[in-house]
Amino acid sequence: MNQQKLRVEEYIHLRDAITIDGNVTDIGRMAILPATYIDSQRHKHEYARDTMTYVRSYGYPDLFITFTYNTAWSEIKEELSHGYSPEERHDVKDQVFRQILIKHIDIPTKSCIYGEVNCWMYLIEWQNRGLPHAHILIWLK
């Protein structure tokens, strides 16, 4: 809805595509993804700015936790129909990963086992094999 309001000339990747390709008619119709579209460049940039705001306000994070997907989780095997592997059912894989991730975020943040939590944030990324993993930052009081 806001494509006309966005200042397209400021986007370096679009400028580079025009410069390198030379033929603007071959580029096609460009659509700029909003920051609400997860994993877009604008979303990543906004998320990085949010992280820097946390660092500026609360200092460096006290805990950095990496959480990785495991194909052998019993929760995934229970949800799969007979004959399917986790790689064939991305919907099941992603839902189970998110549920387990939220449970594991709740352990240090809500149970206060490392101390009282000031704030926290996480980012989900996908490895080259298509498996998700998360980076969790936690600031303690």
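Details of the structure are given in the entry above.
In this text the structure is predicted, and so the values were computed from the model without any measurement. (Residues numbered from 1 in each chain as written. Predicted model: local features only at pLDDT ≥ 70, side-chain atom pairs only at ≥ 80, totals over all residues. Heavy atoms only, no water.)

Asker: Explanation requested: the pattern of salt bridges in the structure shown.
Answerer: Pairing is possible between side chains that carry opposite charge, provided their charged atoms lie close to one another. Within this structure, the stated rule accounts for two salt bridges. Ionic pairing is found between Asp106 and Lys110, a salt bridge with its closest N-O pair at 3.8 Å. In this pair, Asp106 and Lys110 both sit in helix 4 (residues 90–110), four residues apart, roughly one turn of the helix. We classify Asp106 as partly exposed; its relative accessible area is 27%. (Salt bridge = Lys/Arg side-chain N within 4 Å of Asp/Glu carboxyl O. Helix = DSSP H or I, 4+ residues; strand = E, 2+ residues; numbered from the N terminus. Buried < 20%, exposed > 50% of the residue type's maximum accessible area, 1.4 Å probe, protein only.)

Asker: Just checking my understanding: could you explain the sheet that holds strand 2 (residues 117–126) for this structure?
Answerer: Sheet strands pair via backbone hydrogen bonds, and the direction of the pair is either parallel or antiparallel. Taken together, three strands build an open sheet; the order of strands is 1-3-2 and the sheet is antiparallel. The open sheet has two edge strands, strand 1 (63–68) and strand 2, and neither has a second partner. The sheet shows a mean angle of 15° between the axes of neighbouring strands, taken without regard to direction. Bridge count for strand 2 against strand 3 (residues 132–140) is nine bridges, and the pairing is antiparallel. In the strand pairing of strand 3, Trp126 is matched with Pro132. On top of the sheet, helix 2 (residues 41–58) reaches strand 2 and strand 3; it is set at about 155° to strand 2, its chief contact. Relative to the sheet, helix 4 contacts strand 1, strand 2 and strand 3, its axis offset from that of strand 2 by approximately 155°. (Pairing = 2+ DSSP bridges. Axes fitted to C-alpha atoms, helices over the stretch in contact; angles between N-to-C directions. Contact = heavy atoms within 4.5 Å.)

Asker: Looking at this structure, I do not really get the nonpolar core. What am I missing?
Answerer: Nonpolar side chains tend to gather and get buried jointly when the protein is soluble and globular. Counting 18 residues, the largest nonpolar core has Phe67, Trp73, Phe97, Leu101 and Ile136 as the members making the most contacts within it. The set of elements that each furnish at least two residues to this core consists of strand 1, helix 4, strand 2 and strand 3. No other element matches helix 4, which puts six residues into this core. Apart from residues no more than four positions distant in its own chain, Phe97 is found in contact with Phe67, Thr68, Tyr69, Trp73, Ile124, Pro132, His133 and Ala134. (Core = buried A, V, L, I, M, F, W, Y, C linked by side-chain atoms within 4.5 Å.)

Asker: Hey, could you run me through the environment of His43 in this one?
Answerer: Inspection of the secondary structure puts His43 in helix 2. Sequence separation between His43 and Leu33 is 10 residues, and the spatial gap between their C-alpha atoms is 8.8 Å. Every residue in contact with His43, bar those within four places of it in the chain, is listed here: Ala35, Tyr37 and Ile38.

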